[in-house]
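Examining the three-dimensional arrangement
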Amino acid sequence: MTASNEYRFQVNLSGMIQILSNHLYSSPKVFLRELMQNATDAITARTEAEPGYQGEVRVELTGTGEQLTMMVEDNGIGLTEADIHEFLAMIGQSSKRGQQALLDGETSFIGRFGIGLLSCFMVSHEIVMLTQSAKGGPSMEWRGKPDGTYTIRQLDTQLSPGTKVYLRCTPDAAHYFEADYVKEALFYYGALLPYPVTLHHDGVQHVVNNETPIWLMDPALARSRRAEVLAFGERLLGEKFQDFIPLTTASGRTGGIAFVLPHAVNLNAKRSHRVYLKRMLISEKAENILPEWAFFVKCLIWTDELQPTASREHFYENEKLEEVRSELGDALRKGLANMAESQTERLQKLIRLHALSMKALAVQDQAFYAMIHRWLPFESTRGHRELGELIDEGETLYFTSSVDEYRQIHHVASAQSMLVINGGYIYDSELMMTLPMTVHNLHTERLEPDQVSMSFTDVPPAERNQYYDALRLADSALQRFRCRAEVKGFKPSDLPVLFTLSQESSTLRALEKASEESTELFSSLLGSLSSGISSAGYSTLYLNVNNPIIQRVLTSPDDQMTPIAIEMLYVNALMMGHYAMNRQELEVLNQGIVRFIDWGLRGNTDRKGDA
Amino acid sequence: MKTEMDFEELMDEAYGLPNGPAKLGMLEEAARVADVNGMEEEAYEARSEIVETATFCGYPMKALIAFSWQLGKFDQQPEEYDEETLMWSYKWILGKLSSFPEVSRDKMMELLEDFGQRFKSFGYSERSYWYYRFRISMDLGELEEAGSSYAKFRTMDRDFMSDCEACEQDEMMRYFILTGDDEKVLEMAKPILKGRMSCAEIPHLTLSEILMPLYRLGRTAEADKHQQKGYRLIKGQNDFVRSFAEQMDYLARTNPAKGIDVLEESLVFAMDNEDPFAKMLFYGRTAPLLRRWADESPEYRLRLPASFPYEGDPGDLRKLADYFAEYARAAADKYDQRNGNRHVSSLLG
C-alpha cells in the first residue's frame, strides 16, 4: 500500500467530548474529582522530583449568577508548553486508541490530565487554565471550548509553579458551584488526601480535610481509637455506626475499615462500599471489592494496587481484584473470629442484627460456622433460640426442610416434646445438615412429616383388631385420594387426625392439580412423569385413638356414616394444613356438609315427631 | 411464627431471598394461599416466579408442574396474561425435558412442535425452535440430527426471544464435546474464555466443561486455572450439579484431594437435586474419584450429609464408590432405554 492510500479518520472533537463527558461518567459531579485528581497527580509528580515538598490545593468560588466561577489551584509540577501540546495530542488520539486504552491504568500523567479535564465541559462552556512548570519556561494560558477549539498563549507575567483551572458555570450546573455543595464534595472525594485542601468563599477559608488519621496507614491502630474512627465513618458514610472491623491485606497496599451496619439488611441489598484509590475517592458504590456475603458492613477502603475502569468509578474484575477481595474477606472473617474468642457479647449483638449474613457465610465456610454456630438463631419447637442453647439440651436435633413441613408437624412434635427446628427459612436446613460435619459429637436428623409417627404410641394388636371394620371402611373411602388410614395414639388428644404427606405424595398432589388445569399435551406429559414417582406416594391420615370423636367413629363403624365421616376428617385436615384441594376433594367437602346438615335436621324433626 | 402470612407478605419475603429452596418454599406457599382463596391472577404470578426459581436451583420438576398449570390458564384466557414471559419459560421447560427418563422421545417431539407452533403464532423468530431442536437432539444422543439443526439455527435471525449469545455459544461448544472434537471445543470456547460473551450462567458452565478437553490435549496448566476460577463461580450453588460433576471428573485425574473437597461441598446439592440427569452425572463421577482417593488415602472417612441414605460404612471408600456407580448405572440405563441408544451410558465411560 502506498502512502497516498492511507487516510486518517476525521475526528469530530466536539463529538468526542460529548461522548466522553456524557457517557463515560455517571454524573457531572465527577468534574470535581477529575480536577482533584489532576491536582493530586501534579503534586505527586513534584514530590517525586523534590522529596519532602509540601503540596496543597486551593479552591476558590467568586462571582454570582452567570459570573459564578470556580478556580482550582495546585502547587504541583505545572505544565510546559510542550506538555500542553502533548495533552492535547492525547485527547486527539483517543479516537485511534479507543477511550478504554487511553484511560487504562498507567497512562502518562499528561494523558490522564487531558481526559480528566474534558469532564469539566459537563458544567462549563469554557475552561481556562493557567500554568507554570516547575521546570521553568514561560507561564502559559490555555483556553478550551467544548466545540474542540482552543487557544494557547504565553503570559507576560511569571506565575509561581503550579496550575490553576477556572470554570464558569453553565446555568444547568449552578448547583455544583454552591459553596456548601463544593465543600461537601471536596471532603467526599478528598477526605483521605495527604495534603490540605482549602475552600475560599466570601472571604472565608475552610479547611476541607483534617489531618490524615494515623490508622489510615495501619488499620490495626484503629482498634484503640474507636471513637475517632466511628466519628470519621459517620461523617464520611452518613450513618451512625457502633462497631467496625479493621481490614488489611498482606501486601499492605489495600486497607480499610468495615463498619458494621446498625440495621438489618436485605440479602439483595446493593453492596456499596466507598473506595479510595491512591487516596482519591474512586467509587462510593464499589460492589465487587468485597465478597458477596459481606453485606452486613459498609466499608471504607483505600488501595493503590487496583486498576480502575475507564470511568474510574469501578475496578476491573481481574486476578488482582480477586486476590484483594479474598484477602479483605479473610480479614473480615478474622475480625469475627477474634470477637468469637474474646468478645462474645459484641459478636452476639452483631449476629442478632445480621443473622442472615452470618448464616450465608456459615454455609460457605465450615470453619467459620464452627466458630459462630452457637449464636445463630433458629426457630424450633422450643421457641426462637440460639443454636448453642438448643445443642445444650443434649437431644437429637430434628429439622424439617420446609416451613410447610414444619407447620404440618410442629403441634404434634411439641406435644411429644421432640426438639424440631424449622429448616424452612433460608440457609437453615443446609446449616442443620452440615452441623454434624462442623461440630463433633452432634446428631441432626432431617424429619419428614410422616416420621413424626415415630413418637406415636402404637395401639396394641388386640385393640387394633377391634377397629378392623372401621379401618377397612376408612381405607376404602380414602383410596381414591391415594391416602390410607392408620390408628395411633398421640398428643394432643383434642387433635382428631393428623394428615402427613411425604415428599413424593406432595409432588403427586401438585402434579394432579396442575394436570387438571393444563393443556392436553401437558397433562399427558405430567401423566408420564407421575408414573416415575414411586408408590411411596401415599399420604397417611392418622386417626388419634385418644380423641373421643375418633373413638366413637372407630368403635361403632357404620357402612353409611363412617366413610363420610372419614372423608370429612380428611378434607378438614387438608384445610387445616392449607393444602389446595382438587376437584374431587372439593366435591367431597360440599356434599359432606350438605349431608351432615341434612342428617342433623332430620334427627331434629324425627325427635320433634316423637314428642 | 410465620405460618399465617398472606399472599403479598409471602411474595415480598420471597422476592427478598436469593434463588434457592427457601425462596421456592415461600413461593409455593404463596401459590397455595392464592389457590385456596381462589385468587387466580396471584396464583399465576406466584407460579411464574416458581418456574424461574425452580429452573435455576435444581428443581426442574417443580418448574414443569407450575408451568403446566400456567399454560392451561393462559390458553383459557390468553388476553389476561403476558405471553412473552410465558413463552420464555417454555424454553426453560424444553431445556430440562430430556432429564426425565419417563418422558418419551415422541412426547418430547410433540412438545417441541407445540413450542414451535406457539412461537410462530406470536411472530417470533424460528431460531428458538431450531436451537431447542438442536439441544434436545444432543440430549438424546442423536448427533447427526443435532448437526443439521445446528447448521440451520445459526443461519436464522436472532430476536428478543432467542437465548443469549453466550448461552448459544456454550451449547454449540457442547456439540463438539459430544462429537469428540477437542480442538474445536476450545475454539468455540474462546470468546467466552476471553470474556467477550457472558451472562448469568456463562462462563460458569463453560469453565467446567472445557476441563476434560484441555486435559486430553495435555494442557493441564490452563485447565487448572479454569478449574479454580470456575469453581469459585459455582461453589455453594445448587444449580451447578453438572458442573461439579465435570470438576470431579477432571480432578479425579489431576488432584483427587481437591476433588474430594468438591465432592464434600456439593454432595448435598446433588442429593437434593430434582434433575435426575445432573444427579446421575454427579454420582457417576463420584465413583472413580472415590476409588482414586482410596488408593491415595485409604484411611479417609468421607463426610456425608446427615440425611444421605447410605447404610454402609463411609470409611470404606471402595464400597461407597460402588454405591455411587450403581446408582449412576441404573439411572443411565433408563435413559438408554428411552433414547434407544447407548449415548448416556457412554457419557459415564
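Procedures and definitions
Residue positions are given per chain, counted from 1 along the sequence in the order it is written. All chains are assigned letters beginning at A, and all ligands numbers beginning at 1, according to the order in which they are written. Only residues with pLDDT of at least 70 are given local features in this predicted model, and only at 80 or more are side-chain atom pairs given and counted; all residues enter the totals for whole chains, interfaces and linings. By convention in this description, side-chain values take in all heavy atoms of the structure and omit both hydrogens and water. Each helix is a run of H or I in the DSSP string that is no shorter than four residues. Each strand is a run of E no shorter than two, and both are numbered from the N terminus. When checking whether two residues touch, look at their non-hydrogen atoms; a contact exists if any pair is within 4.5 Å. Where accessible areas are quoted, they stem from the Shrake-Rupley method and a 1.4 Å probe; at the residue level, only the protein chains shown are allowed to cover. Note on terms: buried area is the combined drop in 1.4 Å-probe accessible area of two parts once they are placed together, counting the loss on both. Nitrogen and oxygen atoms within 3.5 Å of one another constitute a polar contact, given that in protein one can donate a hydrogen and the other can accept it, and given that sequence-neighbouring residues count only through two side-chain atoms. Residues enter a nonpolar core if they are buried and are Ala, Val, Leu, Ile, Met, Phe, Trp, Tyr or Cys, with the set joined through side-chain atoms within 4.5 Å. Categorising residues by exposure relies on relative accessible area from a 1.4 Å probe, with only protein chains included: less than 20% of the type maximum marks a residue as buried, more than 50% marks it as exposed, and the intermediate range marks it as partly exposed. Strands are labelled as partners when DSSP assigns at least two bridges between them. All axes here are fitted lines through C-alpha atoms, helices being fitted over the stretch that makes contact, and every angle between N-to-C directions spans 0 to 180 degrees. The patches described consist of residues with a relative accessible area above 30% and no salt bridge, like charges being joined within 9 Å and nonpolar side chains (Val, Leu, Ile, Met, Phe, Trp, Tyr) within 5 Å. The working definition used for a salt bridge is a side-chain nitrogen of Lys or Arg within 4 Å of a carboxyl oxygen of Asp or Glu. Charge counting treats Lys and Arg as positive and Asp and Glu as negative, with His and both chain ends excluded. Each charge is placed at NZ for Lys, CZ for Arg, CG for Asp and CD for Glu. With respect to orientation, any angle under 35 degrees is reported as roughly parallel, any angle over 145 as roughly antiparallel, any angle of 65 to 115 as roughly perpendicular, and every other angle as oblique. Rotating anticlockwise by less than a right angle from the far helix to the near helix defines a left-handed crossing, while the corresponding clockwise rotation defines a right-handed one. Pairing of aromatic rings covers Phe, Tyr and Trp, the last counted by its six-membered ring, and requires centre-to-centre distances within 6.5 Å; plane angles under 30 degrees mean stacked, over 60 mean edge-to-face, and any other angle means tilted. Our definition puts a charge over a ring when NZ of Lys or CZ of Arg is within 6 Å of the ring centre and also within 35 degrees of the ring normal. One number per residue, pLDDT, summarises how confident the predictor is, and it ranges from 0 to 100.

This part takes up the overall build of chain B. Across its full length, chain B holds 18 helices and 0 strands. In chain B, of all internal contacts separated by at least 6 residues, the share reaching a separation of at least 24 is 64%. Of the roughly 14,400 Å² of accessible surface on chain B, a fraction of 46% belongs to carbon and sulfur atoms.

Let us look at the interface of chain A and chain B. At the interface, 46 residues of chain A touch 48 residues of chain B. Summing both partners gives a buried area of about 3,900 Å² for chain A against chain B, and 65% of it is carried by carbon and sulfur. Elements with a minimum of two residues in the side of chain A that touches chain B: α7 (319–342), α12 (403–415), α13 (428–438), β18 (444–446), α16 (503–517) and α17 (520–531) of chain A. It is α17 of chain A that contributes the most residues to the side of chain A that touches chain B, 8 residues altogether.

What follows deals with the side chain of Thr381 of chain A. Residues and elements named next belong to chain A. Position of Thr381 relative to the elements: it lies in the loop between β14 (377–380) and β15 (383–386). A polar contact of 2.8 Å, which involves the side chain of Thr381, links it to the backbone oxygen of Met418. What Thr381 contacts, discounting residues up to four positions off in sequence, is Tyr406, His410, Ala413, Ser414, Met418, Leu419 and Val420.

All right, on to the nonpolar core then. Counting residues in each nonpolar core, the largest one holds 186 residues, and the members touching the most others are Ile289 and Leu336 of chain A together with Met280 and Phe282 of chain B. Looking at this core, the element that brings in the most residues is helix α16 (residues 276–296) of chain B, giving 11 residues. Excluding residues that lie within four positions of it along the chain, Ile289 of chain A makes contacts with His273, Val275, Ile301, Leu306, Phe315, Leu321, Arg325 and Leu328 of chain A.

Residue and element names in this part refer to chain A. The strand order across the open sheet built from 3 strands is β19-β21-β20, with neighbouring strands paired in mixed fashion. Every other strand in the sheet has two partners, leaving β19 (483–488) and β20 (497–500) as the edge strands with one partner each. Strand-to-strand, the axes of this sheet are offset by a mean angle of 20°, without reference to chain direction. In this sheet, strand β21 (residues 539–544) lies alongside β19 in parallel orientation, the contact comprising 6 bridges. Among the inter-strand pairings, Lys488 is bridged to a residue of β21, identified as Asn544. Helix-sheet contacts for helix α15 (residues 468–478) involve β19 and β21, and the interaxial angle to β19 is about 150°.

Moving on to a negative patch on the surface. All names here are of chain B. Residues Asp6, Glu8, Glu9, Asp12, Glu41, Glu45, Glu79 and Glu80 make up a contiguous surface patch of negative charge. Looking at the negative patch, the elements with two or more residues in it are α1 (7–15) and α3 (40–55). Top contributing element to the negative patch by residue count: α1, with 3 residues. On the basis of relative accessible area, Glu80 is assigned to the partly exposed category, the value being 40%.

Where α17 of chain A contacts helix α6 (residues 105–121) of chain B, the two axes come as close as 11 Å, and the packing angle between them is 150°. Classified by the angle their axes make, α17 of chain A and α6 of chain B are roughly antiparallel. α6 of chain B is crossed by α17 of chain A, and the crossing has left-handed handedness. Here Leu521, Phe522, Ser524, Leu525 and Ser528 of chain A of α17 of chain A come into contact with α6 of chain B, specifically with Lys107, Glu110, Leu111 and Asp114 of chain B.

What follows covers the pattern of salt bridges. Applying the stated criterion to the full structure yields 60 salt bridges over all chains. One continuous salt-bridge network, built from bridges that share partners, spans Lys91, Arg135, Asp139, Asp163, Glu171 and Arg174 of chain B.

Residues and elements named next belong to chain A. Sheet topology places β14 next to β15; 4 bridges connect them, and they run antiparallel. Looking across to β15, one finds that Pro377 is bridged to Glu386. Counted between consecutive antiparallel strands, the loop separating β14 from β15 contains 2 residues.

Bringing α13 of chain A into the picture now. In terms of burial, α13 of chain A is a largely internal element, 9 of the 11 residues being buried. Buried residues of α13 of chain A: Asp428, Ser429, Leu431, Met432, Met433, Thr434, Leu435, Met437 and Thr438 of chain A, and no others.

What follows deals with the packing of aromatic side chains. Geometry of an aromatic ring pair is reported as the spacing of the ring centres plus the angle between the planes. Residue and element names in this part refer to chain B. By the definition in use, this model includes 45 aromatic pairs over all chains. Ring plane angle 65° and centroid distance 6.4 Å describe the contact between Phe74 and Phe122, whose orientation is recorded as edge-to-face. In this pair, Phe74 is assigned in helix α4 (residues 60–76) and Phe122 in the loop between α6 and α7 (127–140), connecting sequence segments 48 residues apart. Relative accessible area serves as the criterion here: at 4%, Phe74 is assigned to the buried category. Against the face of Trp88 rests Lys91, its NZ or CZ located 3.4 Å from the ring centre.

All names here are of chain A. As for its position among the elements, Ser476 is in helix α15. Look at Ser476 and you get exposed, because its relative accessible area is 51%. Along the backbone, Ser476 and Pro563 are 87 residues apart, and their C-alpha atoms lie at a distance of 8.0 Å.

Residue and element names in this part refer to chain A. Across chain A, the average pLDDT comes to 83, with 87% of residues at 70 or higher. Of all helices and strands in chain A, the one with the weakest mean pLDDT is helix α3 (residues 81–103) (59), whereas strand β2 (residues 69–74) scores best (95). Across residues 94–107, where pLDDT falls below 50, the model places 27 contacts with residues more than four positions away in sequence or in other chains.

Take unusual backbone geometry next. Pro203 of chain B follows Ile202 of chain B through a cis peptide bond whose omega is 10°. Topologically, Pro203 of chain B is positioned in the loop between α10 (182–193) and α11 (204–209). Even without glycine at this site, Arg482 of chain A takes up a positive phi of about 50°. With respect to the helices and strands, Arg482 of chain A occurs in the loop between α15 and β19. Judged by relative accessible area, which is 24%, Arg482 of chain A ranks as partly exposed.

The subject of this paragraph is a nonpolar patch on the surface. A contiguous nonpolar surface patch, about 280 Å² in accessible area, is contributed by Ile593, Ile597 and Leu601 of chain A. Among the structural elements, Ile593 of chain A can be located in helix α20 (residues 583–610).

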